[in-house]
Structure formats: structure tokens, C-alpha cells
Amino acid sequence: MKLLIIGSGGREHALGKKLFEDPQVTAVFCAKGNAGMTKDGITVVDIAEDAHEELIAFAKKEAIDWTFVGPEIPLLNGIVDDFQAAGLKIFGPNKAAAMIEGSKEFAKELMSERNIPTAAYQTFSDFDAAKAYVIEQGAPIVIKADGLAAGKGVVVAETIEVAIDALHEMLEEQKFGTSSARVVIEEFLAGEEFSLLAFVDGEKVYPMVIAQDHKRAFDFDQGPNTGGMGAYTPVPQISEAIVEQSVQEVLYPTVQGMIQRGTPYHGILYAGLIATENGPKVIEFNARFGDPETQVVLPRLESSLAQVITKLIAHETPEIQWNNLASVGVVVAAKGYPEAYQKGMVLPEINHPDVSVIYAGVKSEQDKLVANGGRVFLVEAHAETIEAAQQKVYQALDKMDTTQLFYRSDIGSKALTK
Ligand code: AMP
Ligand code: GLY
């Protein structure tokens, strides 16, 4: 089997590595990929994510069996629709179904139609009306740009002043361009967060093991929101009963709602949830695997990922088994991220037998890997317990020269203190 992955980050590296575990997979290509992926045998293809025609021509020329889409932007640009129109197999939601991530208002309407538990909200495009609503509701309150904003379009405002500043930036200064021409103002939900992902084929839902991301830049959840600084699984402070309730009250009604709207969902569905006093509630949907959740969830998949996706594309039942291991993944980022950061630093050598290194913002320069993005790489380890996995990761990181780089030292710790 020859496979193509669209994307270039850590999520796509982890996917490629996992797909290669199946002996039937003879080649994994990744467009546009990153230079670190080649260490795990992935072939990097220099075609941009938005060059659909070129990607289609490549898939035909190489006789690719199927293509897997990592990030949301190509999904929202209709890459699945274009590949299918060209007669090629591809896994991911089409453009219409990817709107579950592309528009918060679309997701909110779907949830309200299906009584899916989520934070109370209202949508605004007028600054004065939005401001009046915030004053009426009080703080804390959450302001979200309606469209895509690379994980940065959410402000959890502790005070009314911060909320009004966010509204001003989004609606009046168009901080995120047309993505913030409309905003969703949401009730603040208190509770532990978790990510529940599932393989979805129309009405069929195959949940994965849950994970927890760490969105803030620094230890103890301080500092600005980032794309994610690390993740771990399992999340023992979230009970099996809450996970099951989320599958029944969130995932199933969502896929049924998508069918009824005429936009059936095929692909990975990601529900970001908060376990509140009144049960799990949705804070966001994504139309894809999470990054960095993928890097810790996939090491727990015992079955062949290539087999799972092949079966789902054929609308057959895949075999999906998970192990009981714990996995911890710590992101190493360039100092300054998520604001301005340096590039070009030579990466430390990492040859530790106990860990996997999953590359993201890197490129090759004179045969050396150098930093070329905010999140540079992730170090993952798995073991019988979260504590043991955490120890392996941090022991490997301690040995590394990480000048000009930084990482959080508390990934997974929430599971140990509760
Ligand atoms: P999002 O980009 O929607 O995942 O939001 C970024 C982060 O903001 C989430 O990971 C949560 O920590 C937080 N957040 C989003 N919505 C809410 C909410 N309604 N209540 C509390 N926290 C929220
Ligand atoms: N880790 C959060 C996301 O992928 O959106």
C-alpha cells in the first residue's frame, strides 16, 4: 500500500510513523511534510497543501491507494471534494461537513438542534450589541472569533474590560480579518478539559481513548494560549461514565445531526469537552486529529491504523484495539512562541532509546535539522503509568541542550495531583 498524508506538522509525522507499522504499507509520502519525518522513513513531497491539482496529479502518478488529510485548512478548502471528483480515495470530511470546525455558529446551531450540551451563547457582528450583552452577562465570559484563527481566536475574559477589549479587536479592528467579523460570546464553563476523538463513517462512531492537551505556554497553565504544549493519555480524573456519556450525548447526536442536515460526516471528529458539575459540555469541534493529542493517542492504538482507514473508506467495520499504557508527549518550542520567536537554531541530538521524537517546525540545513517554527518537536514516551512515562520524557529532555528552546515541565501532572 502506498499512502499520502497532507500536512507538515507533528500530527502528520505521528500519523506517518503509525501507518508505517503495518507491513502492507510500502511507502508513506507527506506533502509538504518536514525534514524530521524522513528519520522515520516518510518521504517528503514538496507540494503545498493548497495546490490541489498538483497533489491529485502526484497521487495519480504514484498510484497512491488513499490520502489522509491532517490539518483543517485543506479540508475547508474542499480537498476531499476535489480528490473524490478526480476518482481518488481520501479520508476526511468534505468541505460542507468540515464546517463543523470552520464556523462556530454552524457548530452551535447543530448542537442546539440536537440538544447537545454546550455553553450558552449568542452570535454578534455589531460591536455595540455585543458590548451590551457582555455587560448584561458579566464576567468571566468567553469571546470567540467565528471563523478559523489558528487556535488564537479565543479569549477567556476574567473581567468585563478584557472582554470588551477582545470585542473591539475582533469586530472593530478585524484582528483575524473576516474570521472575526462575527463573534460567538459564550458562557464560561468551569471544570477539567479533555479531548475525545473518534473515527466516523456516517452514522458509525468509533471513539478513541481520551487525552488532555495543555494550551497555555507555561507551567501551571500560565501565559498565553498556544497550539498546544503537550498532552497525555489516559486522563484518570475523567471517569469512564463521563466518557460514555460524552459518546452518547455528544458524538452520536452530532453525526446524526450531520446526516439530517445533508452533510454526513466521514473522517476524524474531535470534541473538545469540559467536565462540568452538570456533565460534559462541548467547547469546540474539530474536523481532524488534534495536535499534540495525536502524538500520544496513536501509541495506544494496537491495531493497524492503515487497516482502520482502509476499512472506513470502504464503509466496512475496522478492527480497533487500544492498549492500557500511559503516553506523555512534551512539546519543545522556540523561545518567544506563541509571539515572535527565533528560527535557525541547530536542534540537539536525541538518541534516547526510551522516547520517540516527533518533528514539527524544523528544516534541514547542511545535513542538520534546524528550528523553523514555533513548536519545534515533541518528545513522547509510554509506560505502565503516567508517572513512569513522564519520567522517561523528562529524563531524556534533561540530557538535551535546549538553549533557545523551552518546554513545560508539568505535562501530565494534573493526573497525579487529583
Ligand atoms: P478553543 O480554541 O475553542 O479550544 O479554546 C481555547 C481554550 O479556551 C480551551 O482549550 C479552553 O481552555 C478555553 N475555553 C474555550 N471555551 C471555553 C468556555 N466556554 N469556558 C471555559 N473555557 C473555555
Ligand atoms: N490540540 C488542539 C487542537 O488540535 O486543536
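Residues numbered from 1 in each chain as written. Chains lettered and ligands numbered in written order. Predicted model: local features only at pLDDT ≥ 70, side-chain atom pairs only at ≥ 80, totals over all residues. Heavy atoms only, no water.

*Asks:* Can you walk me through the pairing of strand β10 (residues 192-201) in this structure?
*Replies:* Side-chain positions along a regular strand alternate between the two faces of the sheet. In terms of burial, β10 is largely enclosed, as nine of its ten residues are buried. In this sheet, strand β16 (residues 266-276) lies alongside β10 in antiparallel orientation, the contact comprising ten bridges. Within β16, the residue paired with E193 across the bridge is I274. The sheet contact formed by β10 and strand β11 (residues 204-207) spans four bridges and is antiparallel. The residue bridging F199 from the neighbouring strand is Y206, located in β11. As consecutive antiparallel partners, β10 and β11 are separated by two residues, and within that stretch G202 has a phi angle of approximately 65°, a positive value. (Buried < 20%, exposed > 50% of the residue type's maximum accessible area, 1.4 Å probe, protein only. Helix = DSSP H or I, 4+ residues; strand = E, 2+ residues; numbered from the N terminus. Pairing = 2+ DSSP bridges.)

*Asks:* Looking at this model, I keep getting lost on the environment of S125. Mind explaining?
*Replies:* By the element assignment, S125 lies in the loop between β6 (121-124) and α7 (127-137). Since its relative accessible area comes to 46%, S125 is described here as partly exposed. Considered as a pair, S125 and A181 are 56 residues apart in the sequence and their alpha carbons are 6.0 Å apart. Those residues in contact with S125 that lie beyond four places of it in its chain are L171, A181 and R182. (Contact = heavy atoms within 4.5 Å.)

*Asks:* Please clarify how the sheet that holds β16 should be interpreted in this entry.
*Replies:* Within a beta sheet, neighbouring strands are joined by backbone hydrogen bonds and run either parallel or antiparallel to one another. What the four strands build is an open sheet, ordered β11-β10-β16-β17; its pairing is antiparallel. Edge strands, defined here as strands with exactly one partner in the open sheet, are β11 and β17 (279-286). With strand direction ignored, the average angle separating the axes of adjacent strands in the sheet is 35°. (Axes fitted to C-alpha atoms, helices over the stretch in contact; angles between N-to-C directions.)

*Asks:* Would you mind showing me how to read the pairing of strand β20 (residues 362-365) here?
*Replies:* The sheet contact formed by β20 and strand β21 (residues 368-371) spans four bridges and is antiparallel. Within β21, the position partnered with E365 by the bridge is K368. The hairpin turn running from β20 into β21, its antiparallel successor, is two residues long, and Q366 in that turn takes a positive phi close to 45°.

*Asks:* What should I look at first to understand the nonpolar core in this one?
*Replies:* Side chains of nonpolar character tend, in soluble globular proteins, to be buried together. Counting 81 residues, the largest nonpolar core has I100, F285 and F377 as the members making the most contacts within it. Sequence-distant contacts of I100, that is, excluding residues within four places in its chain, are made with F106, A107, L110, T254, M258, Y265, L269, F285 and A287. One finds L197, A211, V296 and I358 within the second-largest nonpolar core, a separate group that totals 36 residues. (Core = buried A, V, L, I, M, F, W, Y, C linked by side-chain atoms within 4.5 Å.)

*Asks:* Looking at this model, I keep getting lost on the site of ligand 2. Mind explaining?
*Replies:* The full set of residues close to ligand 2 is D213, K215, G227, Y270, N286, R288, G290, D291, P292 and E293. Between ligand 2 and D213, the relevant distance is 2.8 Å, taken from a nitrogen atom to a side-chain nitrogen or oxygen of the residue. In the model, an oxygen atom of ligand 2 is placed 3.2 Å from a nitrogen or oxygen of the N286 side chain. Protein chains bury 90% of the 190 Å² of accessible surface belonging to ligand 2 in isolation. Partitioned by chemical class, the residues of the shell around ligand 2 number two nonpolar, three polar and five charged. (Near = heavy atom within 4 Å. Polar contact = N/O pair within 3.5 Å; in protein donor to acceptor, adjacent residues only side chain to side chain. Areas by Shrake-Rupley, 256 points an atom, 1.4 Å probe, with all protein chains shown as cover. Nonpolar A, V, L, I, M, F, W, Y, C, P; charged D, E, K, R; others polar.)

*Asks:* Can you walk me through empty space enclosed by the protein in this structure?
*Replies:* Regions of empty space are outlined by a rolling probe, equal in size to a water molecule, passed over the atoms. One pass over the full model with this rule turns up two cavities of 30 Å³ or more. Its volume calculated, the largest cavity comes out at about 70 Å³. In terms of lining residues, the largest cavity is bounded by E193, F194, S195, Q212, D213, K215, Y270, G272, L273, I283 and E293. Those elements giving two or more residues to the lining of the largest cavity turn out to be β10, β12 (212-213) and β16. Within the lining of the largest cavity, the residues separate by chemical class into four nonpolar, three polar and four charged. In this model, the second largest cavity occupies a volume close to 40 Å³. Put simply, the parts of the chain that give the lining of the second largest cavity at least two residues each are β4 (66-69) and β16. (1 Å grid on protein atoms, 1.4 Å probe; cavity = no way out; pocket = protein on both sides within 12 Å on 5 of 7 lines; lining within 4 Å. Points joined across faces, edges and corners; volume = space filled by probe spheres on them.)

*Asks:* Whenever I open this one, the environment of Q174 confuses me. Can you help?
*Replies:* As for its position among the elements, Q174 is in the loop between α8 (160-172) and β9 (183-187). Spatially, the C-alpha atoms of Q174 and A145 are 9.8 Å apart, while their sequence positions differ by 29 residues.

*Asks:* Would you mind showing me how to read the pattern of salt bridges here?
*Replies:* Pairing between side chains becomes possible if they bear opposite charge and their charged atoms approach one another. If you walk through the whole model with that rule in mind, you get 18 salt bridges. Its salt-bridge partner being K61, residue E62 comes within 3.9 Å of it at the nearest N-O pair. Salt-bridge contacts for D410 lead to R408; the nearest nitrogen and oxygen are separated by 2.9 Å. For R408, a relative accessible area of 1% translates into the label buried. Through salt bridges with shared partners, one network takes in D221, R408, D410 and K414. (Salt bridge = Lys/Arg side-chain N within 4 Å of Asp/Glu carboxyl O.)

Don't take any of this as a statement about function, it's just geometry.
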